[in-house]
Amino acid sequence: MPAVPSAVLTTAGLVGGYSVARATGNRPLGGAVLAGFGAAAFETWRRRSGVGTAVALTAVYVGAFGLAHPLARKVGSWPAVLGVTAATAAVAVAAGDRDRG
């Protein structure tokens, strides 16, 4: 079975986490979604590119989550989430969704 690209995992984590938190009013549940997909992305990056890359890309993922909050005050919640998600997915494709070679 082919592996799920990490860009899909990070997108599901950021958009899905926000969507769950917003729909349920339960921020910890949204955080659990974010963390679960982040852990899956970390493992994907670790297997494909090594621990160093996995740690760096996880920092990008967590940083994007953090950046979405102040950005939302300026541009709105959905534009902020979608913007940081697109940037994170682009980084994941460029640096993480490749085999070590």
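Look a little higher up for the structure.
Once a new chain begins, its residue numbering starts again from 1 and follows that chain's sequence as written. Reporting of local features is limited, given that this is a predicted model, to residues whose pLDDT is at least 70; pairs of side-chain atoms are given and counted only at 80 or more, and all residues count toward the totals for whole chains, interfaces and linings. Each side-chain value is worked out from all heavy atoms of the structure, with water and hydrogens disregarded.

### Focus: the overall build of the chain
- A run of H or I in DSSP counts as a helix once it spans at least four residues, and a run of E counts as a strand once it spans at least two, with each numbered from the N terminus. What the chain contains, in helices and strands, is four helices and zero strands.
- The C-alpha atoms of the chain give a radius of gyration of 13 Å, which matches the 13 Å a tight globule of 101 residues would have.
- Along the first, second and third principal axes, the C-alpha set of the chain runs to 40 × 25 × 20 Å.
- Burial status across the chain gives 32% buried among its 101 residues.
- Contacts between residues were defined by any pair of non-hydrogen atoms, one from each residue, lying within 4.5 Å. Counting only contacts in the chain whose residues sit at least 6 apart along the sequence, the fraction spanning at least 24 positions is 71%.
- For the chain, the accessible area works out to roughly 5600 Å², and carbon and sulfur atoms hold 69% of it. Here the globule rule reads 2.2 Å times residues to the power 0.38, and the radius of gyration is calculated from C-alpha atoms. When a residue's accessible area, from a 1.4 Å probe over protein chains only, is under 20% of the maximum for its type it is buried; when over 50% it is exposed; and in between it is partly exposed. Using a 1.4 Å probe, the Shrake-Rupley method yields the accessible areas, and only the shown protein chains count as cover for residues.

### Description of the side chain of threonine 88
- Along the chain, threonine 88 falls in helix α4 (residues 77–96).
- Polar contact is the term for a pair of N or O atoms within 3.5 Å; when the atoms are in protein, one must be able to donate a hydrogen and the other to accept it, and sequence-neighboring residues count only if both atoms are side-chain atoms. Among the polar contacts listed, one links the side chain of threonine 88 to the backbone oxygen of valine 84, at a separation of 2.7 Å.
- Beyond its immediate stretch of four places on either side in the chain, threonine 88 contacts Thr10, Leu14, Val60, Tyr61 and Ala64.

### Some remarks on the pattern of salt bridges
- A pairing counts as a salt bridge when a side-chain nitrogen of Lys or Arg comes within 4 Å of a carboxyl oxygen of Asp or Glu. Evaluated as defined, the whole model comprises two salt bridges.
- We note a salt bridge from arginine 46 to glutamate 43, for which the minimum N-O separation is 2.4 Å. Residue arginine 46 and its partner glutamate 43 are both found in helix α2 (residues 27–49); the two are separated by three residues, about one turn of the helix.
- Residue classification places arginine 46 among the partly exposed positions, given a relative accessible area of 34%.
- Taking relative accessible area as the criterion, glutamate 43 reaches 29% and is therefore assigned partly exposed.

Without other data, these values stay purely geometric and don't point to any function.
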